[in-house]
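Report on the structure
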Number of protein chains: 2
Amino acid sequence: MSDPRQEFSEKLRSLRTKKNISQEKLAKLTKIDRSYMGRVDRGEVNLTFDTLLKIAKALECQPAELMPHIEYNKDKT
Amino acid sequence: MSDPRQEFSEKLRSLRTKKNISQEKLAKLTKIDRSYMGRVDRGEVNLTFDTLLKIAKALECQPAELMPHIEYNKDKT
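We now turn to the structure provided with this report. Since the model is a prediction, treat every value here as computed from it, not as a measurement. Residue indices follow the written sequence of each chain, beginning from 1 at its first position. Whichever chain is written first becomes A and whichever ligand is written first becomes 1, with later ones labelled in order. Given that the model is predicted, a residue must reach a pLDDT of at least 70 before its local features are reported, and side-chain atom pairs must reach 80 or more before they are shown or counted; all residues, however, enter totals for whole chains, interfaces and linings. To get the side-chain values, all heavy atoms of the structure are used, and hydrogens and water are removed first.

1. Overview of the interface of chain B and chain A
Pairs of residues are marked as contacts when any of their non-hydrogen atoms sit within 4.5 Å. If you look at the interface, chain B gives 24 residues, while chain A gives 24 residues. In this assembly, chain B packs against chain A so that about 2300 Å² is buried in total across both faces, 65% of it on carbon and sulfur atoms. Within this document, salt bridges are pairs made up of a side-chain nitrogen of Lys or Arg and a carboxyl oxygen of Asp or Glu, the two lying within 4 Å of each other. Linking chain B to chain A there are 2 salt bridges. Across the pair R5 of chain B and D50 of chain A runs a salt bridge, and its minimum N-O distance is 2.5 Å. Definition of a polar contact: a pair of N or O atoms within 3.5 Å, with one able to donate and the other able to accept a hydrogen when the atoms are protein atoms, and with sequence-neighbouring residues admitted only if both atoms are side-chain atoms. Taken together, the connections running from chain B to chain A amount to 18 residue pairs in polar contact (both at pLDDT 80 or more). By buried area we mean the combined loss of accessible area, with a 1.4 Å probe, across both parts when two parts are placed together.

Here it is, written out as structure tokens:
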């Protein structure tokens, strides 16, 4: 698995741009500091559960859609 | 939506018991303090992204499986 935070931020950016929501607008919608949102957007932050939910609500998506995928070793019985 | 943290902890407990992993064992597997894990298990903690991933990996599930579902107002066009 690539860096999970990077995978999260890639999913965040893709959903954000698909919904035409700028970083600035997302910061306003979530009442999260603009520069902190920039760091979230770049996957530089170990964000909290509550912040993750705020972002999902602002994007009107399910929190699960933002989560990274973990590869498990299939042949492990 | 019920309290999202409660919904998270319900999903965590259900996966944990399905896989026969006690709170204590999950605390050991994730190297998270035993009493802190108890609070996570009860939905009392605003846990971080990294902790959420540690828990998902220990349960060998996808982080998305632990996330609460958000109801959006369907008739909002």
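Additional details are given in the paragraphs that follow.
2. Quick look at the side chain of Q23 of chain A
With respect to the helices and strands, Q23 of chain A occurs in helix α2 (residues 23-30). Setting aside residues up to four positions removed in sequence, Q23 of chain A forms contacts with R16, R34, M37, G38 and D41 of chain A. Secondary structure elements follow DSSP: runs of H or I no shorter than four residues count as helices, runs of E no shorter than two count as strands, and numbering proceeds from the N terminus.

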